[in-house]
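# Structure assessment
Okay, here's what each chain looks like letter by letter:
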Amino acid sequence: MEYTMHDYKLGGGFVENSSFPKCQKCSAGDLVPLSDFGSQGAPIHYKAWVCTNPNCGFNLKIRNGDVYINEPVISGSMHSARAR
Ligand SMILES: [Zn+2]
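What you see is a predicted model; the values in this text were computed from it and never measured. (Residues numbered from 1 in each chain as written. Predicted model: local features only at pLDDT ≥ 70, side-chain atom pairs only at ≥ 80, totals over all residues.)

Helix and strand counts for the protein chain stand at 1 helix and 4 strands. Along the protein chain, from the amino end to the carboxyl end, the secondary structure elements read β-β-β-β-α. Taking all 84 residues of the protein chain together, the buried fraction comes to 5%. Sequence separation of 24 or more characterises 21% of the internal contacts of the protein chain that already satisfy a separation of 6 or more. (Helix = DSSP H or I, 4+ residues; strand = E, 2+ residues; numbered from the N terminus. Buried ≥ 20, exposed ≤ 12 C-beta atoms within 10 Å, placed from the backbone. Contact = placed C-beta atoms within 7 Å.)

This is how it looks when you write it as structure tokens:
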């Protein structure tokens, strides 16, 4: 018997061995945690969660104790203009 890529269709039962929560928006992607580094260089684990589905783009961030959901991605040029 031959195995083909058709056995691993994306979007339907392709489950990796992970415990990441499913994205509640598209129900297709998984939410994966991202880490960042603080102003003192200390790592901030699980600061943001993003959907692995590129067509979805759902993201969730934690900043200063507040949770930001689906914040638009801001380009680098905009970022430096932000006031504290
Ligand atoms: Zn999603």
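You will see that asparagine 64, though not glycine, has its phi angle at about 55°, which is positive. Locating asparagine 64 in the fold gives a position in the loop between β3 (59-63) and β4 (66-69). Asparagine 64 sits in the exposed class, given 5 other C-beta atoms within 10 Å. Backbone geometry places asparagine 70, a non-glycine residue, at a positive phi of 55°. In this fold, asparagine 70 is placed in the loop between β4 and α1 (76-79).

Where strand β1 (residues 31-37) and strand β2 (residues 43-51) come together, 6 bridges link them in antiparallel fashion. Bridging across to β2, aspartate 36 finds its partner in isoleucine 44. Linkage of β1 to β2, two consecutive antiparallel strands, is achieved through a turn of 5 residues, within which glycine 41 is found at a positive phi near 85°. (Pairing = 2+ DSSP bridges.)

Any segment with low pLDDT has predicted coordinates that should not be analysed in fine detail. Summarising the model, the protein chain shows a mean pLDDT of 75, and 64% of its residues fall at 70 or more. Put simply, α1 is where the protein chain has its lowest mean pLDDT, 55, and β4 is where it has its highest, 89. In the model, residues 5-10 has pLDDT below 50 throughout and makes 2 contacts with residues more than four positions away in sequence or in other chains. (pLDDT = per-residue confidence, 0-100.)

Pairing within the open sheet is antiparallel, and its 4 strands lie in the order β1-β2-β3-β4. In this open sheet, the two edge strands, each paired with only one partner strand, are β1 and β4. Averaged over all adjacent pairs, the angle separating strand axes in this sheet is 25°, with direction ignored. (Axes fitted to C-alpha atoms, helices over the stretch in contact; angles between N-to-C directions.)

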